[in-house]
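# Architecture at a glance
The residues making up each chain are set out below.
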Amino acid sequence: MLTILTIGVVVFVGLVTLFQASYTAIYHRFIQQGLKERRGDSSDEQSHVAVILCLRGIDPALKHCLSSLAAQSRQNWSLHLVFDHESDPAITPARNWCNDLALQPVVHFVEHSAFSAGTLKCHALVTAIDRIHEESEFIALIDADSIVDQHWLRDLLAPFSDPSVGATTGNRWFEPETGSNGSLVRQIWSAAAVVQMYIYNIAWGGSLVVRSSAIGKCKLLQKWSTAFCEDTMLSSELKKHGYRLQRIPDVIALNRETTSLHDAFRWISRQLLTVRLHHAGWPMVLIHGISIGLCLVAVPALLVAAIVVQQWSLVWVLLGTAAFFPIANSLIIKVINSANRAVVLERFENESSQSPAGPVTYFMAIMLTQFIQPVAALITAVASRATWRGIEYSIKKGSVQMAEYLPYKQAQPDDDSGRESVF
């Protein structure tokens, strides 16, 4: 019986690894094709673009984000800052930095009484887009922790010469400045996540452009007004109305922030929650997480059993399997990192290829991420509430309801009040 179980587990580990390697190979080819293509400036400079940046509190990278926007090579665009309260601590510094950078943003405030469901982020987007989409042919979204290169907007707009393109999106890429466990886990998890985002055609709202006419035709404002997030549902909603989401392989936004392991886990859980609520690929994402967990639990359990009954041939097989799985995953992450680092080095000046962590530390972080992924997936699968930027939301049968609105209070170094969690 132990022999049969061992064979089954070894085959299962091999299949999970093959599954991950196949997805990675497809993604790697996608990135390589993007690097080979030299699009140049093919976007329509006559079309006006409204760039929307939703703010709640002062993100550490906000000044760098605004600086990267000010350096855009594409002209004929306007910046719209959206806040949910006039007391938000980011208002004054954001305006001062915009003045220093010769940016002239339009500032919007959310009217909370107009919304009965959904998150503040979606409320902010709906508020701003409802006011401006008729005067702008395209709506661009960016997150406050995103740092983009000078051709970010130009390259996201280039595919819209094809009328079937309803939206374009790029990737996020974490480049933490320190090698803390939390920062490395978030970077490693995100590296694997961008592969699934490509495979399952999931947009990312931190680097996204949507055709204004598609917003109206697809009734996106109505959809977003009750949603948890705006991006995860986008590809399926566009497809229903004859549009498609176009991914730009060599458009990458950098995130240089450092985070704790506690906050990295909460962030991962929230990313998974958006898929659970708004994407048909959630069952596959959940199965993948559970499969990783089974690999991590089954092999050691059988190894102990084989030692107890002194079946040494099985012990050696299981030891080899236990070593194979993390090593194989390390090679997979290395391939993903290599592909995206090539894009980063090409698009961003003064970027180095050095990692903030040594190979041993990074390998240990990969193993830690493997344990975190199944735990976060299982917790997300049964989550009934979530906290995002200090606001608690209840989640019942896909419905998202805000428990109570509170203006943002900037979190202190040891204060979790403004951070995010999923339970």
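Scroll up to find the structure this text is about.
Summary of the structure given here. Treat the numbers as computed from the prediction; the structure is a model and nothing was measured.

## Notes on the layout of surface pockets
In this structure, the second largest pocket encloses a volume near 480 Å³. Lining the second largest pocket are 24 residues, with Q187, K334, N337, S355 and Y362 positioned closest to its centre. Only β5 (165–174), α6 (181–199), α12 (312–347) and α13 (359–381) provide two or more residues apiece to the lining of the second largest pocket. Looking at the lining of the second largest pocket, the element that brings in the most residues is α12, giving eight residues.

## Some remarks on the side chain of N329
Position of N329 relative to the elements: it lies in helix α12. For N329, a relative accessible area of 8% translates into the label buried. Leaving out residues up to four positions away in the same chain, N329 has contacts with Q20 and Q370.

## Some details on the state of the cysteines
Two cysteines form a disulfide when their sulfur atoms are joined by a covalent bond. Using the criterion set out here, one finds zero disulfides in the structure. The thiol of C229 is unpaired, and the distance to the nearest cysteine sulfur, on C122, comes to 6.3 Å.

## Side note on the packing of helix α11 (residues 282–308) against α13
Where α11 contacts α13, the axes come no closer than 8 Å and their chain directions differ by 135°. The orientation of α11 relative to α13 falls into the category oblique. You can see that α11 and α13 cross each other, and the crossing is left-handed. Where α11 abuts α13, its residues W282, V285, L286, G289, I290, I292, G293 and L296 lie against Q370, F371, Q373, P374, A377, L378, T380 and A381.

## A word on α6
Counted at 1.5 Å a residue, the expected span for α6 with its 19 residues is 27 Å, and the 28 Å between its end C-alpha atoms agrees. Where burial is concerned, most of α6 is hidden: 15 out of the 19 residues are buried. Looking one or two residues beyond α6, the residue adopting positive phi is N201, at roughly 60°.

## Quick word on the packing of aromatic side chains
Overall, the coordinates contain eleven aromatic pairs when judged by the stated rule. Between F19 and Y23 the ring centres are 4.4 Å apart and the planes differ by 45°, which places this aromatic pair in the tilted class. Note that F19 and Y23 are positioned in helix α1 (residues 2–36) at a spacing of four residues, about one turn of the helix. Given a relative accessible area of 24%, F19 falls into the partly exposed group. Look at F174 and W267: their rings are 5.2 Å apart centre to centre, the planes differ by 90°, and that puts the pair in the edge-to-face class. Placement of F174 in strand β5 and of W267 in helix α10 (residues 261–278) is noted, with a sequence separation of 93 residues between them. Both residues of the pair, F174 and W267, belong to the buried class. Counting every residue linked through ring pairs, the aromatic cluster contains F19, Y23 and Y200.

What counts, and at which threshold
- Residues numbered from 1 in each chain as written.
- Predicted model: local features only at pLDDT ≥ 70, side-chain atom pairs only at ≥ 80, totals over all residues.
- Heavy atoms only, no water.
- 1 Å grid on protein atoms, 1.4 Å probe; cavity = no way out; pocket = protein on both sides within 12 Å on 5 of 7 lines; lining within 4 Å.
- Points joined across faces, edges and corners; volume = space filled by probe spheres on them.
- Helix = DSSP H or I, 4+ residues; strand = E, 2+ residues; numbered from the N terminus.
- Buried < 20%, exposed > 50% of the residue type's maximum accessible area, 1.4 Å probe, protein only.
- Contact = heavy atoms within 4.5 Å.
- Disulfide = S-S within 2.5 Å.
- Axes fitted to C-alpha atoms, helices over the stretch in contact; angles between N-to-C directions.
- Parallel < 35°, antiparallel > 145°, perpendicular 65-115°, else oblique.
- Left-handed = near helix turned anticlockwise from the far one by under 90°.
- Expected span 1.5 Å × (residues − 1).
- Phe/Tyr/Trp six-rings, centres within 6.5 Å; stacked < 30°, edge-to-face > 60°.

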